[in-house]
Amino acid sequence: MKHESKEKINENIEKLILKVCNYNDISRRELMSKSRLREIAESRQIIMYILRRVYRLSFQKIADIFGKTHATVLYSVGKIKDIMSYDKDFKLMVKDFAA
C-alpha cells in the first residue's frame, strides 16, 4: 500500500467506509458521529483496524479521519484483534471488508 498515490488511498478508504456502512445498514454520518451504539462503534473500530493493518496509516492519521484521539484508535485496533482471535466468523467478515 505504501506505493499507492494519496488519491488512490483516499478513494480506497472511502470505498471501505461505504462497504462497512452498507453491510451494517448505517449511514456515513452515523459512522463518523460520536455514537457509542454497538453496531456503529464496532463498524468504526473495524475500519480503524483495517486502516492500521492493511493501509499502514499511523494511529494519529486514523484518529484525524474520525475526530478521535490516537489512544482511541490504539484501543479499537486491539479490541478488533482480540475479537478476531476467538471469533472466526468475525475474522472472516473483517478480512472480507479488507479485500
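For the structure, see preceding data.
This is a predicted model, so every value here is computed, not measured. (Residues numbered from 1 in each chain as written. Predicted model: local features only at pLDDT ≥ 70, side-chain atom pairs only at ≥ 80, totals over all residues. Heavy atoms only, no water.)

> Quick question: what am I supposed to make of the overall build of the protein here?
Secondary structure summary: the protein contains six helices and zero strands in total. When the helices and strands of the protein are read in sequence order from the N terminus, they spell out α-α-α-α-α-α. Here the C-alpha radius of gyration of the protein, 13 Å, is about what a compact globule of 99 residues would show, namely 13 Å. Overall size of the protein, expressed as C-alpha extent along the three principal axes, is 35 × 25 × 25 Å. A buried classification covers 37% of the 99 residues belonging to the protein. In the protein, once contacts between residues fewer than 6 apart in sequence are set aside, the share between residues at least 24 apart is 51%. A total accessible area of about 6500 Å² is found for the protein, and carbon and sulfur atoms account for 52% of it. The average position of the 21 basic charges and that of the 13 acidic charges among the side chains of the protein differ by 7 Å. (Helix = DSSP H or I, 4+ residues; strand = E, 2+ residues; numbered from the N terminus. Rg over C-alpha atoms; globule rule 2.2 N^0.38 Å. Buried < 20%, exposed > 50% of the residue type's maximum accessible area, 1.4 Å probe, protein only. Contact = heavy atoms within 4.5 Å. Areas by Shrake-Rupley, 256 points an atom, 1.4 Å probe, with all protein chains shown as cover. Lys, Arg positive; Asp, Glu negative; His and termini not counted. Charge placed at Lys NZ, Arg CZ, Asp CG, Glu CD.)

> Can you walk me through the packing of helix 3 (residues 38-53) against helix 4 (residues 59-66) in this structure?
Axis angle and axis distance: for two packed helices, these are the angle between their axes and the distance between the axes, and together they describe the pair. The N-to-C vectors of helix 3 and helix 4 enclose an angle of 145°; their axes lie 10 Å apart at closest approach. Note on packing geometry: the crossing formed by helix 3 with helix 4 is right-handed. Across from Arg44, Ile47, Met48, Leu51 and Arg52 in helix 3, the residues of helix 4 making contact are Phe59, Ile62, Ile65 and Phe66. Taken together, the residues of the contact of helix 3 with helix 4 sort by class into seven nonpolar, no polar and two charged. (Axes fitted to C-alpha atoms, helices over the stretch in contact; angles between N-to-C directions. Left-handed = near helix turned anticlockwise from the far one by under 90°. Nonpolar A, V, L, I, M, F, W, Y, C, P; charged D, E, K, R; others polar.)

> Looking at this model, I keep getting lost on the nonpolar core. Mind explaining?
A general feature of soluble globular proteins is that nonpolar side chains tend to end up buried together. Residues Ile46, Ile47, Ile50, Leu51, Phe90 and Val94 are the most contacted members of the largest nonpolar core, which totals 29 residues. Those elements giving two or more residues to this core turn out to be helix 1 (6-24), helix 3, helix 4, helix 5 (70-86) and helix 6 (88-98). Residue contributions to this core peak at seven residues, all from helix 3. Setting aside its immediate chain neighbours within four residues, Ile46 contacts Ile80, Phe90, Met93, Val94 and Phe97. (Core = buried A, V, L, I, M, F, W, Y, C linked by side-chain atoms within 4.5 Å.)

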